[in-house]
Amino acid sequence: MKITKYSVTLVLLTIATFTSAQNTEDAWLKRNWGNMIARFNIYFNATQTIEGALDGLTKKQKDDFNSVLDVYPYGTQDDAKGMKESMEAAMKKASKVIQNKPRSKWADDAYFLIGQTQFFSGDYYAALETFQFINASYKDPNMKAMCQLWLMKSYIQQGKLDDAEAILGLLQKNKSTYRKFKTHLNLSGGDLLVKQGKYNDAIPMLISGLQHLKDKTLKYRTHFVLGQIMLIQKDFEKANTHFMKVLRMNAPYEYVFQANLGMAKSSAQSGGQGVQKTKKYLKRMLDDDKNIEYFDQIYYELAKLEFSTKNETAGLDYMRKSAKNASNNNTQRTKTYLFLADYFFSTRNYAQAQAYYDSTVSVIPKEFENADKIKAKHSILSKLIENIEEIRTQDSLLALSGLDREVLDEKISQKIKREEERKKEEAEEAKIRQEQNAMNSLNIAGGSNLNSNTGSSGTWYFYNTSSVGRGENEFKRTWANRAYGDFWRFGNKKSMEKELLAKEDKTEEEETTNPDNYIRSQDQDQEAALKEIDASKRAYYADIPFSATAKLVANRKIQTAYLTVGKIYYDELREYAKSKKELTLLITKYPKSIYEPEALFYLSKASNEIGDSLDAKNYAKQIAEKYPETLYNNVLNNTTIKEDNSDKEVVVYYTQMYEAFTLNKLDEAVSIKKQIDRDYPGNSIQGKIDYLYALTLGKQAGREVYIKELEIVNETYAGTEVGVMAAYTLRLLKSEDTNDNTSKIYSTTTNGTYFYVITGNTTKETEVEIELNNYNTRFFGSTPLLVKSIVFGDKQLFYIKQFNQLAKAKEYHTDIVSSIDFIKTAGLKNAELFFVSEENFKTLIKSNNEKEYLTFFSQTYN
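None of the values given here were measured: they were computed from a predicted structure.

Thresholds, definitions, all that
- Residues numbered from 1 in each chain as written.
- Predicted model: local features only at pLDDT ≥ 70, side-chain atom pairs only at ≥ 80, totals over all residues.
- Heavy atoms only, no water.
- Helix = DSSP H or I, 4+ residues; strand = E, 2+ residues; numbered from the N terminus.
- Buried < 20%, exposed > 50% of the residue type's maximum accessible area, 1.4 Å probe, protein only.
- Areas by Shrake-Rupley, 256 points an atom, 1.4 Å probe, with all protein chains shown as cover.
- Phe/Tyr/Trp six-rings, centres within 6.5 Å; stacked < 30°, edge-to-face > 60°.
- Lys NZ or Arg CZ within 6 Å of the ring centre and 35° of its normal.
- Expected span 1.5 Å × (residues − 1).
- Pairing = 2+ DSSP bridges.
- Axes fitted to C-alpha atoms, helices over the stretch in contact; angles between N-to-C directions.
- Core = buried A, V, L, I, M, F, W, Y, C linked by side-chain atoms within 4.5 Å.
- Contact = heavy atoms within 4.5 Å.
- Patch = residues over 30% accessible without salt bridge, like charges linked within 9 Å, V, L, I, M, F, W, Y side chains within 5 Å.
- Salt bridge = Lys/Arg side-chain N within 4 Å of Asp/Glu carboxyl O.
- Lys, Arg positive; Asp, Glu negative; His and termini not counted.
- Charge placed at Lys NZ, Arg CZ, Asp CG, Glu CD.
- Parallel < 35°, antiparallel > 145°, perpendicular 65-115°, else oblique.
- Left-handed = near helix turned anticlockwise from the far one by under 90°.
- Nonpolar A, V, L, I, M, F, W, Y, C, P; charged D, E, K, R; others polar.

(A) Seen up close, the overall build of the protein. Counting secondary structure elements, the protein contains 39 helices and four strands. Relative to its full complement of 862 residues, the protein shows a buried share of 44%. When the accessible surface of the protein is split by element, carbon and sulfur atoms take 50% of a total near 48,100 Å².

Below, the structure is given as structure tokens:
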């Protein structure tokens with residue numbers, strides 16, 4: 001019985017112990033099973049989706065090797081939009097961990113993945129919120145460190161480099177030993193410092209980031225960035241070391257080529273025999289077929305080397321080869337065309353310069369440095385060349401009009417014959433191309449090998465599709481993408497369009513000899529002369545002036561062009577001798593020209609500029625004798641002109657122009673000014689009209705144009721009432737530039753966040769920071785404030801961020817100014833205290849001019 005009781009008791013205890021162990025084991029098993037499902041099923045799939053999308057992004061990355069690369073190939077905002085679909089898929093997968101396994105230890109990792117998907121989708125604000133949530137909600141120190149790191153990366157992507165730098169300062173104090181965090185902290189921090197131009201600080205971080213880096217893409221990109229930085233800093237040996245490492249890493253060929261090019265630049269700039277070695281190196285690169293698409297860059301570097309050694313002939317030859325071998329790299333094409341344009345401009349070969357500026361403007365990227373100035377120079381030269389061509393064209397047409405009719409008819413017949421032959425050749429070529437395309441289609445469809453010898457040298461050019469393709473590419477390299485149509489050679493067709501539209505203009509109000517209003521169909525003598533021409537040839541005779549009126553119009557066009565060319569040479573190009581030459585031709589060929597007063601005026605000024613005072617006085621004397629009542633005489637000879645009844649019509653136009661100006665109808669005001677210049681040159685109120693025109697342009701085109709136009713008025717009417725007024729206005733504007741420039745560069749908006757700034761001289765930066773942190777904790781403990789410091793000129797700048805309202809920044813200012821002694825005790829001398837908006841803070845740091853901001857601060861907030 002005892003044995004039985006003992007046995008039963010033992011069995012019951014065994015069962016109870018087993019049951020308890022089983023329940024414990026079930027809880028352990030469930031927990032680990034859930035973690036395993038979260039990690040290897042859901043989380044793993046989400047990670048794979050992100051990595052696949054990032055691989056695709058890296059392959060699509062188009063880097064601009066003309067500037068220092070980004071370390072991380074995250075692309076542009078447009079690239080981020082392209083990632084949205086795959087990132088949403090990854091986000092859904094990561095969300096399943098949170099929804100289905102909320103207690104899993106992988107929940108925080110899932111949230112982190114969601115933050116990354118938001119980041120790569122370009123939704124940086126959402127990413128910031130997610131990383132901040134993880135940082136506040138989870139205790140894993142490695143995860144918190146990574147979230148803070150990605151907060152910094154989010155600010156970098158937004159372009160908020162100051163905010164990113166503030167976080168970098170905190171992260172550098174983080175004592176985490178997590179290797180992944182340390183590696184990417186160094187790489188991201190280095191990337192940030194590169195963007196800020198702080199290369200000396202960036203180099204050690206990037207080198208540290210490479211120590212344990214396993215990602216091949218980031219490795220060769222980081223080495224390339226270091227090579228670029230070393231090249232900028234002229235540390236050629238280290239630049240070559242990093243470029244060589246790129247070559248050894250089996251990087252994509254684009255990086256291999258650019259690394260080779262970087263080594264070539266490094267050798268060339270190192271001096272000694274470097275230039276000759278670089279030439280040989282670059283020429284060897286031309287022998288490698290893999291570099292065909294980079295020939296333009298190689299020839300460009302060879303050209304620069306030749307120019308650096310004063311060998312302009314060889315340099316021009318290489319630069320032309322760079323243009324001839326242009327690829328689809330618009331930045332490089334712009335650099336090549338611009339180099340040639342600037343070269344010919346500097347040698348005063350304006351026709352060649354205009355042609356290359358034309359090519360430059362047709363391909364220049366919007367973000368290219370000084371793009372607006374380049375376009376302005378192109379516009380000036382285009383106007384110059386168009387007027388020079390106008391003189392040649394009208395001279396030729398007048399010469400043709402004077403030929404015997406039989407001789408002229410023979411010339412026209414020859415021209416028609418040449419055109420017919422050309423059209424016939426084009427038709428035959430088009431037919432051959434069409435037949436070839438049809439044959440190619442058949443071959444592709446049927447697998448035929450009829451065309452297997454198209455690449456041989458014995459076939460007709462247009463049978464060879466690869467040759468035709470090369471020809472099309474050659475055309476695009478030379479002329480860029482030009483729209484089909486007339487005048488395809490010209491990038492700027494505005495003048496052409498005006499010519500064509502003028503022929504259809506039906507205005508009858510002004511005199512028929514005015515080129516802008518001449519209508520050939522209403523010129524009866526011209527129409528009568530054309531009626532005698534055979535209908536098949538009439539189109540070729542249409543522009544030849546036969547009637548007296550048509551000849552007057554042609555001559556007026558020549559006179560206008562001469563005057564315009566002379567003024568461009570004087571006002572825009574400062575080519576005073578050439579200005580004098582053109583204007584002399586005008587008054588010599590057309591002694592009774594309506595433009596003679598203005599031509600004599602510019603001739604006198606041009607003569608003065610080139611030191612020919614005798615000629616200058618002679619031209620001024622001619623104006624005094626021939627045109628005593630004009631403003632030109634007033635300016636040159638210091639005479640006083642009274643406004644009289646002879647200028648009643650001009651006064652009416654001036655009144656209309658002024659009314660248009662006051663009503664902000666600026667285009668109308670400009671149009672009236674042009675009409676006055678054309679029809680009433682040298683009138684007695686021209687100065688007032690020109691001054692009003694300057695005001696109009698100031699409203700229309702901005703401050704720079706306004707100042708430039710005022711300077712012209714000031715120079716033209718020096719000593720007159722208008723000249724004095726222009727000079728006074730210029731003094732006011734320039735005074736604003738020097739004494740009160742702050743109104744321009746600093747924003748007065750009261751919205752946004754504010755920083756508090758303290759500057760001064762100290763050798764105890766850390767102690768001052770500690771005292772400021774203690775002060776903030778004691779008196780503003782409810783407001784999260786961060787203290788940072790940077791070198792600011794010869795002072796140290798401490799900034800405290802951030803205040804969400806102007807009123808709070810003012811409150812802080814009032815309190816800390818009254819407690820200034822604690823800052824002095826901490827070791828800060830010559831302290832200046834002020835608050836600044838986030839936008840103005842960036843401007844202040846960039847300008848490095850504290851005095852300027854203090855003036856603004858005093859005027860705006862005190």
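(B) Summary view of unusual backbone geometry. Here the bond from K801 into Q802 is cis, since omega is 0 degrees, no more than 30 degrees from zero. Along the chain, the position of Q802 falls in strand 3 (residues 795–803). In this structure, R348 takes a positive phi of about 65 degrees despite not being glycine. For R348, the position within the fold is in the loop between helix 16 (330–346) and helix 17 (350–363). Residues other than glycine seldom take positive phi values, yet N664 does so here, at roughly 65 degrees. Structurally, the position occupied by N664 is in the loop between helix 29 (648–662) and helix 30 (666–679).

(C) Representation of the packing of aromatic side chains. Taken as a whole, this structure holds 55 aromatic pairs when the rule is applied. Here Y72 and Y74 contribute two aromatic rings whose centre-to-centre distance is 5.2 Å and whose plane-to-plane angle is 20 degrees, an arrangement assigned as stacked. Assigned by exposure class, Y72 and Y74 land together as buried. Members of the aromatic cluster, connected to one another through ring pairs, are Y72, Y74, F112, F119, F120, Y124, F131 and W150. Just above the ring of Y693 sits the side chain of K673; from NZ or CZ to the centre is 4.6 Å.

(D) Region of the structure containing helix 17. Under the 1.5 Å per step criterion, the end-to-end length of helix 17 is 20 Å for 14 residues, consistent within 8% with the ideal 20 Å. Residues of helix 17 that are buried include every one of Y350, A353, Q354, Y356, Y357, D358, S359, T360 and V363, and no others.

(E) Structural detail: the sheet that holds strand 2 (residues 786–792). Spatially, four strands are ordered 2-3-1-4 in an open sheet, and the strand pairing comes out antiparallel. Of all strands in the sheet, those bounded by a partner on one side alone are strand 2 and strand 4 (829–837). Strand after strand, the sheet turns through a mean of 20 degrees between neighbouring axes, direction not considered. When strand 1 (residues 754–761) meets strand 4, the two strands line up antiparallel, connected through seven bridges.

(F) Focus on the nonpolar core. F112, F120, F131, L149, W150, M152 and L206 are the most contacted members of the largest nonpolar core, which totals 65 residues. Here the element with the most residues in this core is helix 6 (residues 141–158); it accounts for ten residues. Discounting chain neighbours no more than four positions away, the residues touching F120 are I50, L54, Y74, A80, M83, M87 and W150.

(G) How the structure looks around a negative patch on the surface. Residues E420, E421, E425 and E428 make up a contiguous surface patch of negative charge. When you line up the elements, E420 lands in helix 19 (residues 405–446).

(H) Molecular detail of the pairing of strand 3. For strand 3, the tally of buried residues reaches eight of nine residues, placing the bulk of the element in the interior. Two elements, strand 1 and strand 3, share seven bridges in a ladder whose sense is antiparallel. Its bridge partner being in strand 3, Y754 is matched across the sheet by F803. Of the pairings in the sheet, the one linking strand 2 to strand 3 comprises seven bridges and is antiparallel in character. Bridge pairing in strand 3 places K788 opposite Y799.

(I) Summary view of the packing of helix 25 (residues 576–589) against helix 26 (residues 596–609). One way to put it is that helix 25 packs onto helix 26 with a least axis distance of 9 Å and a crossing angle of 150 degrees. In terms of axis orientation, helix 25 runs roughly antiparallel to helix 26. The hand of the helix 25/helix 26 crossing is left-handed. Judged by residue contacts, Y576, S579, K580, L583, T584, L586 and I587 of helix 25 engage E596, A599, L600, Y602, L603, A606, S607 and E609 from helix 26. Classifying every residue of the contact of helix 25 with helix 26 gives nine nonpolar, three polar and three charged.

(J) Fine view of the pattern of salt bridges. Under the definition given, this model contains 22 salt bridges. A salt bridge links D235 to K238, with the nearest nitrogen and oxygen atoms 3.9 Å apart. Connected through shared salt-bridge partners, D70, D191 and K195 make up one network.

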